[in-house]
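Listed below are the residues making up each chain.
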Amino acid sequence: MAASLLFCLTAARGDDVCGSAAERAAASGWFELYKSAWEHRDASAATALFAKDAEYSGDPFDAPLRGEEQIRRYWDEVASGQRTVGAVGYQLLSAQASTALVRWRAVFVRVAPGQRVELEGIAQYSLNREGKCTHFFEWWNRKPS
């Protein structure tokens, strides 16, 4: 799968996105719900997007979060630690089989100390037949302030 995603990314030009229309719709639909949960700081909505035994990795150097309870705790921290989450933007780069790749950008204010934060990252996620995420891996950078 990784090789086909890499080929897909190198073969794509302009607005082309790899994958069938149904794969692209499923991938975009899921990320739209993820983005809405983040923008509304809704930990329940975010957690509901993941399978009960999902794996969530926000840092390649840390062990991934595993399961509903750990993902919920993470999203509770996100919801309480951020305010004024601006529109989260994204570009679907690939959607093949059950795996999607997006480039995203978000701006928000940290509750303490009131600092504006701008992030840009890449997320790779896999969906099961029920449309729940089973694996979520992201890498992001923060714009220097």
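Predicted, not measured: the structure shown is a model, and the values here were computed from it.

Draft legend 1. How the structure looks around the environment of Ala27. Considering the arrangement of structural elements, one finds Ala27 in helix α2 (residues 21-39). The buried category is assigned to Ala27, whose relative accessible area is 3%. In sequence terms Ala27 and Ala97 are 70 residues apart; their C-alpha atoms lie 10.0 Å from each other. Those residues within four positions of Ala27 in sequence are excluded, and the remaining contacts are Leu92, Ala95, Ala100 and Tyr125.

Draft legend 2. Layout of the pairing of strand β7 (residues 133-142). Strand direction decides the pairing type here: strand β1 (residues 50-57) and β7, joined by four bridges, are parallel. Bridge pairing in β7 links Phe50 to Cys133. Examined bridge by bridge, strand β6 (residues 116-127) and β7 share nine bridges and lie antiparallel to one another. Each residue of the ladder has a partner; that of Glu120, found in β7, is Asn141. Taking the residues that link successive antiparallel strands as the turn, the β6-β7 hairpin has five residues, and the phi of Gly131 there is positive, at about 85°.

Draft legend 3. Up close: the nonpolar core. Judged by nonpolar contacts, the single largest core of 33 residues is most densely connected at Trp30, Tyr34, Trp38, Phe50, Trp75, Tyr125 and Phe136. Mapped by element, the contributors of at least two residues to this core are α2, α3 (43-48), β1, α4 (67-81), β4 (89-96), β5 (99-110), β6 and β7. The biggest single contributor to this core is α2, with six residues. The residues contacting Tyr34, other than those within four sequence positions of it, are Leu49, Phe50, Tyr56, Trp75, Phe136 and Glu138.

Draft legend 4. Representation of unusual backbone geometry in the model. The omega angle of the peptide bond from Ala112 to Pro113 is 20°, so this bond is cis rather than trans. Considering the arrangement of structural elements, one finds Pro113 in the loop between β5 and β6. A positive phi is found at Thr84, a non-glycine position, where the angle reads about 50°. Along the chain, Thr84 turns up in the loop between β3 (82-83) and β4. Owing to a relative accessible area of 55%, Thr84 belongs among the exposed residues under this scheme. In this structure, Ala97 takes a positive phi of about 55° despite not being glycine.

What counts and what doesn't
- Residues numbered from 1 in each chain as written.
- Predicted model: local features only at pLDDT ≥ 70, side-chain atom pairs only at ≥ 80, totals over all residues.
- Heavy atoms only, no water.
- Helix = DSSP H or I, 4+ residues; strand = E, 2+ residues; numbered from the N terminus.
- Buried < 20%, exposed > 50% of the residue type's maximum accessible area, 1.4 Å probe, protein only.
- Contact = heavy atoms within 4.5 Å.
- Pairing = 2+ DSSP bridges.
- Core = buried A, V, L, I, M, F, W, Y, C linked by side-chain atoms within 4.5 Å.

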